[in-house]
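Listed below are the residues making up each chain.
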Amino acid sequence: MTGAVVLALLVLVAIVVPALVRSGSHRRWAAASTTSLEVGPLGVRRELADGRLEEVHWDEIVEVDVVVAERGPHAGSGGVVVLYADSQRGVVVPIDQIASSGLAEQLGRLPGFRIDVLAAALERPAPAHTTCWSVRAAPPSG
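Since the structure is predicted, the reported quantities are computational estimates derived from the model, not experimental observations.

Trainee: Can you help me understand the pattern of salt bridges in this one?
Mentor: Opposite charge on two side chains lets them pair, provided their charged atoms get close. If you walk through the whole model with that rule in mind, you get six salt bridges. For Glu 54, the salt bridge goes to Arg 46, with nearest N and O atoms at 3.0 Å. There is no split in this pair, since Glu 54 and Arg 46 are both buried. Arg 114 serves as the salt-bridge partner of Asp 116, at 2.5 Å between the closest nitrogen and oxygen. Residue classification places Asp 116 among the partly exposed positions, given a relative accessible area of 40%. On the basis of relative accessibility, which here comes to 47%, the residue Arg 114 falls in the partly exposed class.

Laid out in structure tokens, this is it:
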């Protein structure tokens, strides 16, 4: 192969491979986009574009985390609030949907939840991960 052919192949690989990787990422990210979010007296339910469903009841939640993102599938919404029920289940709520969904107000159902901790976590510069509440750290109810 001549030097010009090798250079042309390298340029092609340098352009095509990253484009293919981004394309695959964008498809996965689009599939993970929120099509429906319901926050109510029983819990939180989120439907994703690919048909998956995430759902937790308030009494199942064991931890609430905020992930502020500058890259990845949730960068466009600023990040996510993650409501963990257990290692297999939880709900991811895009940050830009917190106010419209009423999530912040409903998180008050969790014993000892502090809205000021949530607000501070949402203000951190990306990338950031903050545990805002945990059942292990919550005061006993009663």
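On we go from here.
Trainee: I tried to follow the side chain of Ser 77 on my own but got confused; where do I start?
Mentor: With respect to the element layout, Ser 77 can be found in the loop between β4 (63-68) and β5 (79-84). In this structure Ser 77 comes out as buried when scored by relative accessible area, which is 14%. Setting aside its immediate chain neighbours within four residues, Ser 77 contacts Pro 94, Ile 95 and Asp 96.

Trainee: Is there a simple way to explain the sheet that holds strand β1 (residues 34-39) in this structure?
Mentor: Remark on secondary structure: sheet strands pair via backbone hydrogen bonds, oriented parallel or antiparallel. Strand order in the open sheet formed by three strands is β1-β2-β3, and the pairing between neighbours is antiparallel. At either end of the open sheet lies a strand with only one pairing partner, and these are β1 and β3 (53-57). Put simply, the sheet's adjacent strands are angled 5° from each other on average, direction ignored. In this sheet, strand β2 (residues 43-48) lies alongside β1 in antiparallel orientation, the contact comprising five bridges. Following the sheet pairing, Thr 34 is matched in β2 by Leu 48.

Rules behind the numbers
- Residues numbered from 1 in each chain as written.
- Predicted model: local features only at pLDDT ≥ 70, side-chain atom pairs only at ≥ 80, totals over all residues.
- Heavy atoms only, no water.
- Salt bridge = Lys/Arg side-chain N within 4 Å of Asp/Glu carboxyl O.
- Buried < 20%, exposed > 50% of the residue type's maximum accessible area, 1.4 Å probe, protein only.
- Helix = DSSP H or I, 4+ residues; strand = E, 2+ residues; numbered from the N terminus.
- Contact = heavy atoms within 4.5 Å.
- Pairing = 2+ DSSP bridges.
- Axes fitted to C-alpha atoms, helices over the stretch in contact; angles between N-to-C directions.

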